[in-house]
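Chain by chain, the residues:
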Amino acid sequence: MDRVRNTLRPQIEALEDRLALSAVVASFNDNGLYRFADATGWQQLTTFTPEAYAVNTAGDVVASFEGAGLYRFTNAAGWQQVAPFAPSQVGIADDGTIVGDFNGAGLWRIGAAGTQQLTMFDPRQIAVASNGDLAASFDGAGLWRMVAAGGWQQIAPITPDRIDINALGSVVASFNNVGLYRFEDATGWQQLSPFTPNGTIGIDDTNRVAARYQNIGLYLYSDAAGWQQLSTFTPQRSDISSDGTVFANFNGAGLYRLSPGGAFQQLSPLTADAFAPNGGADSNQVDNNNDNNNNDENNNND
Ligand SMILES: [Ca+2]
Ligand SMILES: [Ca+2]
């Protein structure tokens, strides 16, 4: 990554007027949690650094603090404890519904309908869409989703490396050594690439997929345009918000987002430890990680 650190000079441009809202939360230098929105710029929400966090389109934040529990932040109410236990992975839908992976205690959903255990089994990875649709992978049990009012549905018998889900119920999944796939109700599984991305993947609410490939850069897939290279440099982490803004964090160069015009805008000169756009989670974490795909932000040795 030294090459990136020394030579990356992304173009910095003022954004065009944006209609889409997107928010991002990030942690820097283990110094608390920050939120960026166009209306407010950066705000430090807490000086404590969460173990896991996510933000929704309205800017509501869910965060898990080791030893302190699960908390929600809203502009109106500030921080409120949701549970005394700290899940290892979290997600938050646009209506404020929270999902937490409590490992030995299973997967739980906390929302207007109350608190529900969705499964007693311990997910390997979870993803929560803007509308609350949920995907979860389980070691040895494959990939499952829970959409709208339905129950659990297994959509793959093989456990993927990384997953994401959108408000259409479409799921993107990377499988070690097998490539990148997208599942849609209309078409079933479709291979988007025979190459397996490194680390985080994301799908927005229009079925566009963002993925990063070690040494060859950051890419966006859409049905209309196929694969487009967004950057020749490979970010340390990337994601796409539910409303379609691509975010990328480059080692030594800071945190960027892609403007509608296709140029990178630097949001922070500091490289985030991790970040989450609305519709994403801080590190697209994987529990029980025993795969060999170790070029992601969680195992970054550079
Ligand atoms: Ca887990
Ligand atoms: Ca997502």
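Below is a short write-up of the structure.

How each quantity is defined
- Residues numbered from 1 in each chain as written.
- Chains lettered and ligands numbered in written order.
- Predicted model: local features only at pLDDT ≥ 70, side-chain atom pairs only at ≥ 80, totals over all residues.
- Pairing = 2+ DSSP bridges.
- Helix = DSSP H or I, 4+ residues; strand = E, 2+ residues; numbered from the N terminus.
- Axes fitted to C-alpha atoms, helices over the stretch in contact; angles between N-to-C directions.
- Contact = placed C-beta atoms within 7 Å.

Here's the deal with the pairing of strand β19 (residues 188-193)
- The pairing of strand β18 (residues 179-184) with β19 spans 5 bridges and is antiparallel. Looking at β19, one finds that leucine 180 is bridged to serine 193.
- Once β18 ends, the chain turns through 3 residues before running back antiparallel as β19.

Overview of the sheet that holds strand β24 (residues 237-240)
- Pairing within the open sheet is antiparallel, and its 4 strands lie in the order β24-β25-β26-β27. Of all the strands in the sheet, the pair left with one neighbour each is β24 and β27 (264-268). Each strand of the sheet is rotated relative to its neighbour by a mean of 25°, with strand direction disregarded.
- Strand direction decides the pairing type here: β24 and strand β25 (residues 246-250), joined by 4 bridges, are antiparallel. Pairing of serine 238 across the sheet is with alanine 248, part of β25.

Remarks on unusual backbone geometry
- Even without being glycine, asparagine 29 reaches a positive phi, approximately 50°.
- By secondary structure assignment, the location of asparagine 29 is in the loop between β1 (23-27) and β2 (33-37).
- Of note in this structure, aspartate 30 is not a glycine but carries a positive phi near 55°.
- The residue aspartate 30 is located in the loop between β1 and β2 in this model.

Some remarks on the environment of glycine 100
- The topology assignment puts glycine 100 in strand β9 (residues 98-101).
- Along the sequence, glycine 100 and valine 90 sit 10 residues apart, while their C-alpha atoms lie 4.6 Å from each other.
- Once you skip the residues sitting within four places of it in the chain, glycine 100 turns out to touch Ser64, Leu70, Pro87, Val90 and Trp108.

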